[in-house]
Amino acid sequence: MRSVFLLTTGFVLLGSIGARAEAPLFGREVVPVLYKLGCSAGACHGSFSGKGGFRLSLFAADPIADYREVRGGFGRRMNHQFPDNSLLLLKPTGRLVHGGGVKLQTR
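Model, not experiment: these values are computed from the prediction.

Conventions we followed
Chains are numbered independently. Their residues run from 1 in the order of the written sequence. Local features in this predicted model are restricted to residues of pLDDT 70 or higher, and side-chain atom pairs are both shown and tallied only at a pLDDT of 80 or more, whereas totals for entire chains, interfaces and linings draw on every residue. Side-chain metrics rest on all non-hydrogen atoms present in the structure, leaving aside hydrogens and water. For helices, the axis comes from a line fit to the C-alpha atoms of the stretch in contact; other axes are also lines fit to C-alpha atoms, and the angle between any two N-to-C directions lies between 0 and 180 degrees. Helix and strand labels come from DSSP, where a helix needs a run of H or I of at least four residues and a strand needs a run of E of at least two; each type is numbered from the N terminus. An angle below 35 degrees is read as roughly parallel, one above 145 as roughly antiparallel, one from 65 to 115 as roughly perpendicular, and any other as oblique. Throughout, a residue-residue contact means that at least one pair of heavy atoms, one from each residue, lies within 4.5 Å. Each residue is assigned to one of three groups, with Ala, Val, Leu, Ile, Met, Phe, Trp, Tyr, Cys and Pro labelled nonpolar, Asp, Glu, Lys and Arg labelled charged, and all others, Gly among them, labelled polar. Think of it in three bands: residues with accessible area under 20% of the maximum for their type are buried, residues over 50% are exposed, and the middle band is partly exposed, with areas taken using a 1.4 Å probe on protein chains only. In this description, the arc belongs to the directions extending from the helix axis to the C-beta atoms. Every residue gets a pLDDT, meaning the predictor's confidence in that residue, from 0 to 100. For this analysis, a salt bridge means a side-chain nitrogen from Lys or Arg found within 4 Å of a carboxyl oxygen belonging to Asp or Glu. Definitions used throughout: a 1 Å grid over protein atoms alone; a cavity as a set of points that fits a 1.4 Å probe which cannot get out; a pocket as an open set with protein on both sides within 12 Å along at least five of seven lines; a lining residue as one with an atom within 4 Å of a point. Grid points are joined across faces, edges and corners, and a volume is the space filled by probe spheres set on the points. Two rings belonging to Phe, Tyr or Trp (six-membered ring only in the last case) form a pair when the distance between their centres is within 6.5 Å. Interplanar angles under 30 degrees mark stacking, angles over 60 mark edge-to-face geometry, and anything in between is tilted. Residues with no salt bridge and a relative accessible area higher than 30% make up the patches, which join like charges within 9 Å and nonpolar side chains (Val, Leu, Ile, Met, Phe, Trp, Tyr) within 5 Å. Here the open area of atoms and residues is found with the Shrake-Rupley method and a 1.4 Å probe, where only the protein chains shown may cover a residue.

Some thoughts on the packing of helix H2 (residues 26–36) against helix H3 (residues 63–71)
Then step 1. Two elements in contact, H2 and H3, have axes whose closest approach is 10 Å; the angle formed by their N-to-C orientations is 75 degrees. It follows that H2 is roughly perpendicular to H3 by the angle criterion. Within the contact between the two elements, H2 uses Phe26, Gly27, Val31 and Leu34 and H3 uses Pro63, Asp66, Tyr67 and Val70.
Then step 2. For the contact of H2 with H3, a count of residues per class yields six nonpolar, one polar and one charged.

Structure below.
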């Protein structure tokens, strides 16, 4: 579950073990995941007012604004000390109530 969080927030490094790799680009590798899961759709967090205090750009049109929104939330959306306690992971996996239901399947 932790690896899913690391991938979606853009902190995991890509590449082979021992090789220096670059962190994924939020707009190229994270935003498409949120889009594919339907998070940035008009019926969800992409609506004009967002949902549950979380607003993404409609259909992932503004990755910079989406990055700011994901990084915000007073440390609740992404908890760097305890990634498994991040709302960005807890809600879409169903560990906390999420109006949109389970969006991320974990093994």
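Picking up after the structure, the text goes on.
Some details on H2
Every α-helical turn comprises 3.6 residues, leaving residues that sit three or four positions apart pointing alike.
Then step 1. Listed as buried for H2 are Phe26, Val30, Val31 and Leu34. In a view along the axis of H2, the buried residues occupy a sector of 95 degrees, so they form one face of it. Facing away from the buried side of H2, by more than 90 degrees, are the exposed residues Arg28 and Lys36.
Then step 2. Gly38 sits one or two residues past H2 and shows a positive phi near 90 degrees.

Details of the confidence of the model for the chain
Caution applies to low-pLDDT regions: their predicted coordinates should not be interpreted in detail.
Then step 1. Within the chain, residue pLDDT values average 79, and 75% of them lie at 70 or more.
Then step 2. Averaged pLDDT values over the elements of the chain bottom out at 45 in helix H1 (residues 2–9) and peak at 90 in H3.
Then step 3. Confidence drops under a pLDDT of 50 for residues 1–19, and excluding neighbours within four residues, the segment shows 40 contacts in the predicted structure.

Some details on the pattern of salt bridges
Then step 1. Overall, the coordinates contain one salt bridge when judged by the stated rule.
Then step 2. With its nearest N and O atoms 3.5 Å apart, the salt bridge here joins Glu69 to Arg77.

Description of unusual backbone geometry
Then step 1. Residue Phe59 is not a glycine yet carries a positive backbone phi of 55 degrees.
Then step 2. The phi dihedral of Ala60 is positive, around 60 degrees, even though this residue is not glycine.
Then step 3. Structurally, Ala60 can be placed in the loop between H2 and H3.
Then step 4. Ala60 sits in the buried class, given a relative accessible area of 18%.

So, the layout of surface pockets
Then step 1. Approximately 450 Å³ is the volume found for the largest pocket.
Then step 2. Looking at side-chain class alone, the lining of the largest pocket contains eleven nonpolar, eight polar and four charged residues.

A short note on the packing of aromatic side chains
Then step 1. The tally for this structure, following the rule as stated, stands at one aromatic pair.
Then step 2. Geometrically, the ring pair formed by Phe26 and Tyr67 is edge-to-face, given 5.1 Å between the ring centres and 75 degrees between the ring planes. Here the residue Phe26 occupies a position in helix H2, and Tyr67 occupies one in helix H3, the gap between them amounting to 41 residues.

What about a nonpolar patch on the surface?
Then step 1. The grouping of Tyr35, Leu58 and Phe59 at the surface amounts to a nonpolar patch, some 320 Å² of accessible area in total.
Then step 2. Along the chain, the position of Tyr35 falls in helix H2.
Then step 3. Looking at Tyr35, the relative accessible area reads 45%, which means it is partly exposed.

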